[in-house]
Structure formats: structure tokens, C-alpha cells
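What follows is each chain in one-letter form.
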Amino acid sequence: MDRSSRRQPVVVLGTIGHDAHIVGSSVLRIALEEAGFKVVFLGAVVPAEEFIDAARESAADAILVSSLYGMARIDCSDFGAKCEEAGLGHVKKYLGGILVTDPEAWDQTEQIFRAQGFDRVYPPQTKTDVAIADLKRDLGLD
Amino acid sequence: MTMLAGIPLRTAQWDWDYFLHQRREVLSLWPSGSELQGDDAIAAGVAYHKAQPWWKYASLRNKRAQQEQRIQLVPQVGHALTEQTIAHMQCSEDLGPDRWYVLTDTYTRKAEYAKAQDAVERSRRDGFSYLNGYPLAAHGVSGARAVNECTRAAVGTDNNDEDARLPWEIALAAGWTWGTIKSIEELIQHSRDFPVDRNIHNQQYIDRLAAHYTEQGVPILRRASANLPGWDSLGFKVTVSLLEVLLSAAQGVKFIDLSIGIGMNLVQDVAAIQALRALAREYLDKLGFGDVEIHSWTYFFLGDWPLQRGQMVGQLALNATISALAGCSGMYIKSPDEATTTPTGEGFREAMEICGQVVRLVAGQRLPESPELATERAMIECEVRAVVAKIMELGNGDIAVGACRGFETGVIDTMFSPYRFLKGKVKVVRDANGALRYLDPGLTPIPREVAEYHRECISRREAKEGTQAGVRWIVREATWASRSLRDEVAERSY
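Everything quoted here is computed from the prediction, not taken from an experiment.

### What about the overall build of chain B?
Item 1. From N to C terminus, chain B includes 19 helices and eleven strands.
Item 2. Against the 2.2 N^0.38 benchmark of 23 Å for 494 residues, chain B shows a C-alpha radius of gyration of 22 Å, consistent with a compact globule.
Item 3. Projected onto its principal axes, the C-alpha coordinates of chain B cover approximately 70 × 50 × 45 Å.
Item 4. Across the 494 residues that make up chain B, the buried fraction comes to 57%.
Item 5. In chain B, the share of contacts with a sequence separation of at least 24, taken over all contacts with a separation of at least 6, comes to 75%.

Quick look at the structure:
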């Protein structure tokens, strides 16, 4: 990818695993594009490997993963390690949605997914501008 | 995957021999199917059913509830382990749920039984449910019978599946008495690229099996589902539910619930429920299925639910009120946990109390007829007739064939679907009263008068708010119901 197009930050976005909930990532896509990001939108029902392939192909700066159906613990197993293996250790990894099937305290949930390699983990109904502000800060775009 | 798998489809009832041929393959999908092999297995299932009391049957509960003018409540359940699932159900047993809606986990829904089995073992080891539903194939008939026997309610299964044939075999053999039809809805709601014809064919298998049990004197009920997301138009939901009814009746199913996902505009929801009831009766009679018994039901809003407990309770109460005022036989309720986790047993107990109280107070009352209700109903009927006529035309009179062509041509379409083969050209927004309107009907054959009526309703909101309808409205409406009241107050200028 050449330098001029590289100036626009690139994010890979989608809903992981067998999860069909597409509305959250669709809304985030619109907000990210409005905020000047190039979005590689994978839609819903996306295997972890497809996020990684897309991130590699697009030289993405961040991977944004959505999960609404409560099975994120299985779908996101070793996500960070898989990225590392694919040479994407430097890429920021965010996760948000309804992440667990058993109600747990939020800090516990956050810990589980941080241990799976996510840089930031968001609780249900986080506003898009909160995540976008974090992303800009993490990518040094402020 | 391609949109069509090349399966020769027709709507007419399957020959029993064709069914049996398919069945051998279905039962070999996972070891739990092997105990159902052989000619005697269905007979054994029927015998188990015949020893059950009448109240285990959703179809018979419908009749009794109607006589008593009582509105039925159905909570939901589904965890990785049988004992977790039973514990959840026991939380509400004394509140007398009429049915339990048992959802299977997403792996089972996709026929990935090895992954489901794996997650069951992990769940057992860690004392935690790694699954978002009950893995029917993993637990087999013995597990499903334990679930059935822990409650007086009629137990049934969801069909959020691309291939639910084996889970249905197990459920029926275990004495479960009802479940959902998702020939069309499943693809729009949960699928990425499963072929349309294969999905319809899988559903026909289940319908044919259910009809066979009914022929043997076991009144199995199928629920024609158009839960669909909360932003879909009500006319579209009525079309989907009606197609499910007609496909199912063609296989010989005799007891069908007409289920509509609530959109949360009182007049429009009631109009849709009334329109579906009238159209389903009319089409069933016209196509020679006059003996099919139908009942109106709702499924609570499938969209955003608030985090704040008080707001959540308010939203549950509104959904229950709409269902009751529409004269429904019953409703599929949600839990106050909806916004944060896979719902719990305790959450559903609270939901049973919230909705039970509303229903007790509202029962017997109906939304009175009014010009607004009549207009809304007429618009929905006009839309549905046009779309169904187009589907029939595309299929040369065959609904199953026409439905496949409907997906291909954009006649069946909506927005925000994970299904890659939908055109995705339709745009729906809310009007000033919160009713759902086509901003753009895409390639769907919506009659001009309906499109103009929707446009007029949208214009009134544009005038009221001083903004133009567009993508910004759609984005904002993703949190239409769940925005916290505090945020709204913060936006006021005073």
C-alpha cells in the first residue's frame, strides 16, 4: 500500500463467530466512516481467521470485533495469540457487545477478554463516539 | 456458497417414502440420532406422547385459554447443560408458564454438533454455560425428556437453525409438542450464506414429521415465525409469517400460531396482527386448508432494550399491553436481563410477574376500531397481497419456488440483514409516532398507494423535527428504545 492511501487509518470490523447480529457493527461502520476511517466491513457470522486475513490484506491499524450472542468466550479464544502469529501483534484489537452468557461483574468480564489479547473491551451500549475517541488516541491521531 | 443448492423444490406434501429416505441420512448426522433409527422409533415416540396429559400440548392449551379468555405467557430458556436448563425452568414453575420456549445454542442451530458437544464438556468441567442455548443433539432423547418432565408447561423448540431436522426428531421423540417454522425468517435473521432452497427443504422435513405425529393423533403445533428485527416493516413481517403458514400447511400441519414481532407502535402492531389473522384464514381456505387451526401470538420487540431496570420494565409492560389489546392468544416474553446477558431463570421469573400483572389487568379489553386502525390495516393488507401475488407469479403458482425467486429478485428484502444474498435495498425509518415506514422500498413490489402513504407519514416527522429522513435517522433509531432518559434530558435546552 502506498504512503498517500496509508494516511487514512484502516480498521477491520465485523461480528465474530456464528453471531448474526449485524446492526451494532453496521452502525459503528457508518460512524467510523464519518470520522474519516477506511472501514473493511466483514458483516456478520465471521470466523476469527477472516478478521486476521482481512487485517493482513488491508494493512489495518485496528481490528474491531462485535459479539452480541453470548458466545464470545469461545469465539475469541486466543485471538491475540492468533494475531501475533500472523504478524499482527502491533494491530489494536477492540471487542464490544454482550459478551457472556452468565451474568458476571463487568471487571471480571473485561479481564477475561483482555487475557485473550484485546486492548480494549466495551460493555453493552457503549456509544460509538467513546470507542472512536479511544481509537484515535491509541493510533496517535489526536 | 451460492444462493441455491439446486434442490428440486415444490410446496406439495412430501411422499412418506421420500421422507423416510431423507430420515436415514438425518439420523446419522450425530450419534444421538442412532437410537431413533428404525420403523418402531416413531411409534415409540407417539406412544410416549399419548401417555401425556392434555396440558403438555401447546395446541390444546390454545383452545382452553381461548375458552377462558386467558392470555398465555411463554418465557425462554436454554443453557449448555440439562441441569442448568432445568434449574432455570424451575425458577418460574409456580407462576404457571403455558409453554417453555427452549432455544438451541448457535452451534446446534448450524448442525455443528461436534463443537456443541465440546462446549458441553467444557461447561461441565468449568461449571459455567459456554453455550447460548440447549444443545438438543448433544443431550439426545434422555436429556430432552428430563427437560420435558420437569414442568407442567408445553415444551417446544426454537428453530433458529439452518438444519434443525435432527433436533426436531429428538424433541418430538422426547414429548415436546411444538416449535417454530423458519423457512424464510431464518435466512434473513441469522444466516450468512445458507442456500434458500436447502433451508426451505429442511423445514419441509420438519413440517412433514410434525404432520405425521398429528396424523397419529398427537396434535403438534408449529409457530409461523416473523419475530424479525424490530426495525423491519410490519407489512414485511406479515408477508413472512403468511408464507411460513402456507408452506407448513402444505405439508399437513394442522395447528399453527401466527407470530409477529412487535414494532412498538400500538396501532400499527394491532393492525398487523389483525391483518395477518384475516389474510392467513383467507389464503388457507382458498388453498384448501380450511381445517388448519390458527391463533394470533406476538414475540416481544427484537431490537434494543434499555439497560436501566425501570425503563426495561416499562418496555416489557408496553409489549405485553400491545399483545393483550390486539386480542392475542399469547406472547413470547423477554427478560429484564435482555440488554446485558443471555437471560437468566431469575430474570424470566421477574418478567413473568411483570407481564402476568399487565395481562391480568388488560385481559378482555381490545383496542377499539378507529379510522387510524382501519387505514393501517388496509395498508398492510394491500402490501402483503401484492408481495404474495408476485411471489406466486415468480413460482408459477408454487410458493416455495416463488420464495426462492423472491430472494433472487429483491421481492423479499429488508435492511441490516446478515444474509449476503438479500439485495439490502430497503430502508425503513420511524415516523413521528414511532410507526415503521418505508423510506425506500427497494425492489419490493409495494403498491404505489402504500409507498405514498408511508412517505406522507415520514414527511410529517421531517416537518416536526426540521430534518431530512436519511441514514442519520436509521443510525439514531438503532438506539431508539434503549437510550437512557438521563441522556434525553441532557439534550434539552432548558
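There is more to say after this.
### Focus: the interface of chain A and chain B
Item 1. The interface is formed by 22 residues belonging to chain A together with 26 residues belonging to chain B.
Item 2. Sorting the residues of the side of chain A that touches chain B by element identifies α2 (23-34) and α4 (72-75) of chain A as the ones contributing at least two each.
Item 3. The element best represented in the side of chain A that touches chain B is α2(A), accounting for four residues.
Item 4. Its residues assigned to classes, the side of chain A that touches chain B shows 14 nonpolar, six polar and two charged.

### A word on helix α10 (residues 196-215) of chain B
Residues and elements named next belong to chain B.
Item 1. With 20 residues, α10 extends 28 Å from end C-alpha to end C-alpha; this agrees with the ideal 28 Å at 1.5 Å per step.
Item 2. Most of α10 sits out of view: 14 of its 20 residues are buried.
Item 3. Glycine 217 sits one or two positions beyond α10 and adopts a positive phi of about 95°.

### Focus on the sheet that holds strand β3 (residues 62-67) of chain A
Residues and elements named next belong to chain A.
Item 1. Taken in spatial order, the five strands of this open sheet run β2-β1-β3-β4-β5, and their pairing is parallel. The outermost strands of the open sheet, each flanked by one partner alone, are β2 (38-41) and β5 (120-122). Direction aside, neighbouring strands of the sheet carry axes that sit 20° apart on average.
Item 2. Its contacts with the sheet place helix α3 (residues 48-58) against β1 (10-15), β2 and β3, and it is angled at close to 165° to β1.

### Comments concerning the nonpolar core
Residues and elements named next belong to chain B.
Item 1. In this structure, Val238, Leu242, Leu276, Cys355 and Ala403 are the most contacted members of the largest nonpolar core, which totals 192 residues.
Item 2. At eleven residues, the largest contribution of residues to this core is made by helix α11 (residues 234-250).
Item 3. Among the domains, domain 1 (16-362) and domain 2 (382-486) are the pair contributing at least three residues each to this core.
Item 4. Those residues in contact with leucine 276 that sit more than four places away from it in its chain are Val238, Ser241, Leu242, Leu258 and Ile260.

### Some details on the packing of helix α12 (residues 266-286) of chain B against helix α15 (residues 371-394) of chain B
For any two helices packed against each other, the geometry comes down to the angle between their axes and how far apart the axes lie.
All names here are of chain B.
Item 1. Relative orientation of the contacting elements α12 and α15 amounts to 50°, with a least axis distance of 8 Å. One finds that α12 runs oblique with respect to α15. In this structure, α12 meets α15 at a crossing whose hand is right-handed. Mapping the contact onto sequence places Val267, Gln268, Val270, Ala271, Ala272, Gln274, Ala275 and Leu279 in α12 and Glu372, Leu373, Glu376, Arg377, Ile380, Glu381 and Val384 in α15.
Item 2. Class assignment of the residues belonging to the contact of α12 with α15 gives a composition of nine nonpolar, two polar and four charged.

### Re the sheet that holds strand β1 (residues 72-74) of chain B
Residue and element names in this part refer to chain B.
Item 1. Pairing is parallel in the open sheet, where nine strands are placed in the order β1-β9-β8-β7-β6-β5-β4-β3-β2. Each edge of the open sheet carries a strand with a single partner, namely β1 and β2 (76-77).
Item 2. Strand direction decides the pairing type here: strand β6 (residues 221-226) and strand β7 (residues 255-261), joined by six bridges, are parallel. The partner of leucine 221 across the bridge, within β7, is phenylalanine 255.

### Digging into the domain arrangement of chain B
Residues and elements named next belong to chain B.
Item 1. For chain B, the assigned domains are domain 1 (16-362) and domain 2 (382-486).
Item 2. Just the C-alpha atoms count here: the centres of domain 1 and domain 2 sit 26 Å apart.
Item 3. Facing the 39 residues of domain 1 at the interface are 33 residues of domain 2.
Item 4. Secondary structure elements with two or more residues in the side of domain 1 that touches domain 2: α9 (185-190), α10, α11, α12 and α13 (309-325).

### Points about the pairing of strand β8 (residues 293-299) of chain B
Looking along a regular strand, one sees the side chains alternate between the two faces of the sheet.
All names here are of chain B.
Item 1. In terms of residue burial, β8 counts as a mostly covered element, since six of its seven residues are buried.
Item 2. Judged from the seven bridges that link them, β7 and β8 form a sheet pairing that is parallel. Its bridge partner lying in β8, leucine 258 is registered against serine 296.
Item 3. Where the polypeptide runs from β7 across α12 and back to β8, its parallel neighbour, the crossover connection is right-handed.
Item 4. Pairing of β8 with strand β9 (residues 330-332), which is carried by three bridges, proceeds in the parallel orientation. Each residue of the ladder has a partner; that of tryptophan 297, found in β9, is glycine 330.

### Observations concerning helix α16 (residues 399-409) of chain B
Residues and elements named next belong to chain B.
Item 1. Burial runs high along α16: eight of the eleven residues are buried.
Item 2. Listing the buried residues of α16 in full gives Ile399, Ala400, Val401, Gly402, Ala403, Cys404, Gly406 and Phe407.
Item 3. Residues of α16 that are buried in the fold lie against α10, α11 and α15.
Item 4. Glycine 410 sits one or two positions beyond α16 and adopts a positive phi of about 80°.

### Quick notes on the pairing of strand β10 (residues 427-430) of chain B
Residues and elements named next belong to chain B.
Item 1. On β10, burial covers both faces: Lys427 and Val429 on one face and Val428 and Arg430 on the other are all buried.
Item 2. Summarising the sheet, β10 and strand β11 (residues 436-440) pair through four bridges and their orientation is antiparallel. Of the residues in β11, the one forming a bridge with valine 429 is arginine 437.
Item 3. Here β10 folds back onto β11, and the loop between the two strands holds five residues, one of which, glycine 434, carries a positive phi near 85°.

### Re the environment of Ala386(B)
Residues and elements named next belong to chain B.
Item 1. Looking at where alanine 386 falls in the secondary structure, it is placed in helix α15.
Item 2. Assessed through the 19 C-beta atoms surrounding it within 10 Å, alanine 386 is described here as partly exposed.
Item 3. For alanine 386, the residues in contact, after removing those within four places along its chain, are Pro445, Ile446 and Pro447.

What counts as what
Residues numbered from 1 in each chain as written. Chains lettered and ligands numbered in written order. Predicted model: local features only at pLDDT ≥ 70, side-chain atom pairs only at ≥ 80, totals over all residues. Helix = DSSP H or I, 4+ residues; strand = E, 2+ residues; numbered from the N terminus. Rg over C-alpha atoms; globule rule 2.2 N^0.38 Å. Buried ≥ 20, exposed ≤ 12 C-beta atoms within 10 Å, placed from the backbone. Contact = placed C-beta atoms within 7 Å. Nonpolar A, V, L, I, M, F, W, Y, C, P; charged D, E, K, R; others polar. Expected span 1.5 Å × (residues − 1). Pairing = 2+ DSSP bridges. Axes fitted to C-alpha atoms, helices over the stretch in contact; angles between N-to-C directions. Core = buried A, V, L, I, M, F, W, Y, C linked by C-beta atoms within 7 Å. Domains from an automatic or database assignment. Parallel < 35°, antiparallel > 145°, perpendicular 65-115°, else oblique. Left-handed = near helix turned anticlockwise from the far one by under 90°. Right-handed = clockwise from strand over helix to strand, strands pointing away.

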